[in-house]
Amino acid sequence: MKEDLLKIIEHYGVSNQLKKLSEEVFEMQEAILLDLGDTKSYDHIVEELADVYVLLAQFEEYFEISQDKLIAMQSYKIRRTLERIKKDEAC
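Residues numbered from 1 in each chain as written. Predicted model: local features only at pLDDT ≥ 70, side-chain atom pairs only at ≥ 80, totals over all residues. Heavy atoms only, no water.

Colleague: Any chance you could break down the packing of aromatic side chains for me, citing the residues and the numbers?
Modeller: Inspection of the entire model under this criterion finds one aromatic pair. Residues Tyr62 and Phe63 carry aromatic rings whose centres are separated by 5.1 Å and whose planes lie at 85° to one another, so their mutual orientation is edge-to-face. (Phe/Tyr/Trp six-rings, centres within 6.5 Å; stacked < 30°, edge-to-face > 60°.)

Colleague: Explain the nonpolar core to me, using residue names and the numbers behind them.
Modeller: Ile9, Leu21, Met28, Val52, Leu55 and Phe59 form the largest nonpolar core, which has six residues in total. Residue assignment for this core shows that the elements contributing at least two residues are α2 (14-33) and α3 (39-62). Those residues in contact with Ile9 that lie beyond four places of it in its chain are Val14, Gln17, Gln58, Phe59 and Tyr62. (Core = buried A, V, L, I, M, F, W, Y, C linked by side-chain atoms within 4.5 Å. Buried < 20%, exposed > 50% of the residue type's maximum accessible area, 1.4 Å probe, protein only. Helix = DSSP H or I, 4+ residues; strand = E, 2+ residues; numbered from the N terminus. Contact = heavy atoms within 4.5 Å.)

Colleague: Describe helix α1 (residues 2-12), listing the residues and the values that go with them.
Modeller: For an α-helix, 3.6 residues make a turn, and residues three or four places apart therefore share a direction. Every buried residue belonging to α1 is among Leu5, Leu6 and Ile9, and all of these are buried. Burial along α1 is one-sided: seen end-on, the buried residues are contained in an arc of 95°. Seen from the buried face of α1, the exposed residues on the opposite side, beyond 90 degrees, are Glu3, Asp4, Lys7, His11 and Tyr12. On its buried face, α1 is in contact with α2 and α3. (Arc of directions from axis to C-beta.)

Spelled out as structure tokens, the structure:
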């Protein structure tokens, strides 16, 4: 899969795929906002989320970002947000 992701981003270019990511994020937001709670809505959200994940995976491979580095940064971001929530709740 790594090779496939690299082939796609190298073919279309980073700039184009970044534009595509913006489009797909918008479509995902739209699907979530229009969620009716039914199977069709759920499937649409899954499809749009998959599109976003595929594009993110392309950037991850292109910039050679390791899973360890990515997980560490995600953990940091989650902890930081939870600390902000804790401070908000204390006010």
